[in-house]
Amino acid sequence: MLRIVAAALVIVSHSFLLPSGGEPYPLSFGGYGYTMGRIGVIVFFVISGYLVCGSWLAEPRVRRYAGKRARRLYPALFVMVLLVTLVMGPIVTTSKAYFADPQTWFFLVRNLLIFPYDY
């Protein structure tokens, strides 16, 4: 539930950017201002860090741990890279030859292979 609240803080924080171009700073500590989005990201990463650490403690073998992480993360990465390349790319491009451009396919392959990734 805390992760959902943290994600909601980020969404609400970003919603202020649309009409006003800025975000409120509801918390200030030591001269630093924290937006709701920043607080949400910090909470999300702290909780995620504990979960990843717990996952390692449950399976402290590098190969098995890495395999479990890959099986958890790679399917979502695969779907998102395909959606960005094959759906969003043609929608936002100004190129008439988007699918004929080799860079489109380099982007797809390099991001599916993860390293070296491409923007």
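Note: the structure precedes this text.
Residues numbered from 1 in each chain as written. Predicted model: local features only at pLDDT ≥ 70, side-chain atom pairs only at ≥ 80, totals over all residues. Heavy atoms only, no water.

## A closer look at the overall build of the chain
For step 1, the next point in the chain: The secondary structure content of the chain amounts to five helices and two strands.
For step 2, the next point in the chain: The secondary structure elements of the chain, listed N-terminal to C-terminal, are α-α-β-β-α-α-α.
For step 3, the next point in the chain: Against the 2.2 N^0.38 benchmark of 14 Å for 119 residues, the chain shows a C-alpha radius of gyration of 19 Å, more extended than a compact globule.
For step 4, the next point in the chain: Its C-alpha atoms give the chain principal-axis dimensions of about 55 × 50 × 25 Å.
For step 5, the next point in the chain: Relative to its full complement of 119 residues, the chain shows a buried share of 17%.
For step 6, the next point in the chain: Pairs at least 24 apart in sequence give 36% of the contacts found in the chain among residues at least 6 apart.
For step 7, the next point in the chain: For the chain, the exposed surface amounts to about 9,200 Å²; the carbon and sulfur share of it is 72%.
For step 8, the next point in the chain: In the chain, which carries 11 positive and 4 negative side-chain charges, the distance between the mean positions of the two groups comes to 13 Å. (Helix = DSSP H or I, 4+ residues; strand = E, 2+ residues; numbered from the N terminus. Rg over C-alpha atoms; globule rule 2.2 N^0.38 Å. Buried < 20%, exposed > 50% of the residue type's maximum accessible area, 1.4 Å probe, protein only. Contact = heavy atoms within 4.5 Å. Areas by Shrake-Rupley, 256 points an atom, 1.4 Å probe, with all protein chains shown as cover. Lys, Arg positive; Asp, Glu negative; His and termini not counted. Charge placed at Lys NZ, Arg CZ, Asp CG, Glu CD.)

## Let's talk about the packing of aromatic side chains
Geometrically, a pair of aromatic rings is defined through the distance of the ring centres and the angle of the planes.
For step 1, the next point in the chain: This model, assessed by the stated rule, comprises five aromatic pairs.
For step 2, the next point in the chain: Taken together, a centroid distance of 5.2 Å and an interplanar angle of 85° make the contact between W56 and Y65 edge-to-face.
For step 3, the next point in the chain: Assessed through its relative accessible area of 31%, W56 is described here as partly exposed.
For step 4, the next point in the chain: Counting every residue linked through ring pairs, the aromatic cluster contains Y98, F99 and W105. (Phe/Tyr/Trp six-rings, centres within 6.5 Å; stacked < 30°, edge-to-face > 60°.)

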